[in-house]
Amino acid sequence: MLDLKFVRSNPDAVKEALEKRGAKVNLDEFLALEEQRRKTLAQVESLKNKRNTVSEEVGRLKRSGGDAAALVEEMRQVNQDIKELETKLAKLEEEMENSLYEIPNIPHASVPAGKDETDNQVARTWGEPPKFSFVPQAHWDIGEKLNILDFERGARVTGARFTFYKGLGSRLERALINFMLDTHSGKGYVEVFPPFMVHRHSMVGTGQLPKFEEDAFKVAGTEYFLIPTAEVPVTNMYREEILESDKLPIYHCAYSACFRAEAGAAGRDTRGLIRQHQFNKVELVKFVKPENSYEELEKLTADAEAILQALGLPYRVMALCSGDMGFSSAKTYDLEVWLPSFNTYREISSCSNFEDFQARRAGIKFRPAPKAKPEFVHTLNGSGLAIGRTVAAILENFQQEDGSVVIPPALRPYMGGLEVIR
RNA sequence: GGAGAGAUGGCUGAGUUGGUCGAAGGCGCUCGCCUGGAAAGCGAGUACACUGGGAUAACUGGUGUCGAGGGUUCGAAUCCCUCUCUCUCCGCCA
């Protein structure tokens, strides 16, 4: 959420930013609403002021045995007026809040302007896509032949986009989770194991709601949502808190299952592990002081990259353009891993600086100095990494002509020393 | 699931026959005095949001907030209702 006062005093800057993003928001209508709100608020407050002063007077009169009947009668009428105005005010505030919650973040100055993913820029590439002396297979074929992935039974038990991992496949998934958590923990990220369901306010806090409710799974009979990423519970860990300045920066890493409805993705990536309703992910989350947040974004991205490098997976880093960024983000780098079956790079991590956009929604502040006025922290997060896509990348990049798959050396300690899945 | 107790400021803890309570006291913290320095002691200050004035300052006016939401009342931390959470006991359970 943007700062209301900033929007009010810099309408042109906001309009320009929204245009750069390709967002459709009627800002003039919003500003007119906001002006009306303040006018009504002033009226209500002055009436309440009157009520407070007179009530005090009534108290004084009664204690000294005077007659306050006339004043009481007058206040009855004032209360009527207050009630009416408050109803009006509540309506205005609700309307305004709804619009404010649907305005996306302002892109950082360094974000390339652009309309969609074709305008994203390659920041750097690492590693070389493998050259095969045979026709490489897709990971779903490799996985089924090795009997470590079972898509058919996943669909039979639950539905499309659900999968069983079996045997060494399941072991590989678990190994990757542990490898990533251990690696990040060693770099100062404090591991947390979050709830996999959250209430609505948390979803609003990180920006999934109210605008994108159709993307989320809501648990019937409850007010809980299945988390689409650990970002939601972990960022909201500090909601409605004022953090001590010396606690910052806070780094967390967290494993969680992630649940996404994938509304609007019907027919896309229907085979394999790339787009599942449930997948595992290790997430990195940071709470930092505003002046450091862009430096922290570079470090966060590097920490996610370190996993790909340790596994020996070729990838590239994309600086997302203004039109392709997520709703809450001010700047995003996507990490894309090479997938031979697609003959291209596919997203495996997304690292973003949200500046104070999420912090304002979730009420996460810090005190810059003792006694100083609290300010919003900057929040960042990035996948480190999506596990299912990492499995796909390993199977495809390290496949052998005989259908076996070589396990990256960094992962072998987590696989009981196993070198090859065959 | 059943029975009971509770939720107050950074912490602790008063206040529940409604009225001058944003809220005593203590601790902590900040600044000052004292000291060669420190402790102790003394003095002052110490919530957040919205909103008005002011320069988008210092400062200052107002409104709201005592778990959340509603109600009664001229007036609610105090009375009533609903919800949430915490604790204790019983039951159940991985």
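All of the points below concern the structure found in this document. Please read these numbers as outputs of a predicted model, since none were measured by experiment. Per-chain numbering applies: the sequence of each chain, read as written, is numbered from 1 onward. For this description, chains carry letters from A and ligands carry numbers from 1, given in the order in which they are written. In view of the model being predicted, local features appear only for residues whose pLDDT reaches at least 70, and side-chain atom pairs are presented and counted only at 80 or more, with totals across whole chains, interfaces and linings using the full set of residues. Where side-chain values are given, they derive from all heavy atoms of the structure, hydrogens and water being excluded.

Details of the sheet that holds strand β7 (residues 241-244)
Our working definition: Pairing between two strands is assigned when DSSP locates at least 2 bridges connecting them. The numbering of helices and of strands both runs from the N terminus, where a helix is a DSSP run of H or I of at least 4 residues and a strand a run of E of at least 2.
Read across the open sheet, the three strands follow the order β7-β13-β14; overall the sheet is mixed. Bordering the open sheet on either side are β7 and β14 (375-376), each of which pairs with just one other strand. Of the strand pairs in this sheet, β7 and strand β13 (residues 364-367) are connected by four bridges, and their pairing is parallel. Looking at β13, one finds that L243 is bridged to F366.

Things to note about the environment of T125
The criterion, for reference: Residue contacts are defined here by distance: any two heavy atoms, one from each residue, within 4.5 Å place the two residues in contact.
The topology assignment puts T125 in strand β1 (residues 121-126). When near neighbours in sequence (up to four residues on either side) are disregarded, T125 contacts Y315 and R316.

Looking at the protein's contact with RNA strand B
Spelled out, the test is: Note on terminology: near, applied to a residue and a molecule or strand, indicates that one of the residue's heavy atoms is within 4 Å of it. Pairs of N or O atoms are called polar contacts if they sit within 3.5 Å, as long as, within protein, a hydrogen donor faces a hydrogen acceptor (for residues adjacent in sequence, only side-chain-to-side-chain pairs).
As a structural note, the neighbourhood of RNA strand B is formed by 25 residues, with R8, N49, R63, R76 and K365 the closest of them. A distance of 3.1 Å separates a base nitrogen of RNA strand B from a polar atom in the side chain of K62. Residue assignment for the surface near RNA strand B shows that the elements contributing at least two residues are α1 (4-9), α3 (27-63), α4 (69-101) and β13. Ranked by residue count, the leading element in the surface near RNA strand B is α3, at 13 residues.

Side note on the packing of aromatic side chains
Here is the rule we go by: Pairing of aromatic side chains here covers Phe, Tyr and the six-membered ring of Trp, requires ring centres within 6.5 Å, and sorts the geometry by plane angle: under 30 degrees stacked, over 60 edge-to-face, intermediate tilted. Residue exposure (1.4 Å probe, protein chains only): buried if accessible area is under 20% of the type maximum, exposed if over 50%, otherwise partly exposed. As a reminder, the over-ring test applies to NZ of lysine and CZ of arginine, requiring each to be within 6 Å of the ring centre and within 35 degrees of the ring normal.
Applying the stated criterion to the full structure yields twelve aromatic pairs. The interplanar angle of 70° and the centroid separation of 5.9 Å between the aromatic rings of F179 and Y414 together place this pair among those described as edge-to-face. Taken together, the positions of F179 in helix α7 (residues 167-185) and Y414 in the loop between β16 (405-406) and β17 (420-421) put the pair 235 residues apart, joining distant regions of the chain. What makes Y414 partly exposed here is its relative accessible area of 23%. When the ring of F193 is compared with that of F196, the centres are 5.7 Å apart and the planes differ by 20°; the resulting orientation is stacked. Judged by relative accessible area, which is 62%, F193 ranks as exposed. The exposure class assigned to F196 is partly exposed, which follows from its relative accessible area of 25%. When the ring centre of Y251 is taken as origin, the NZ or CZ atom of K286, which lies over that ring, is 4.4 Å away. Positioned over the ring face of F376 is K365, at 5.0 Å from the centre of the ring.

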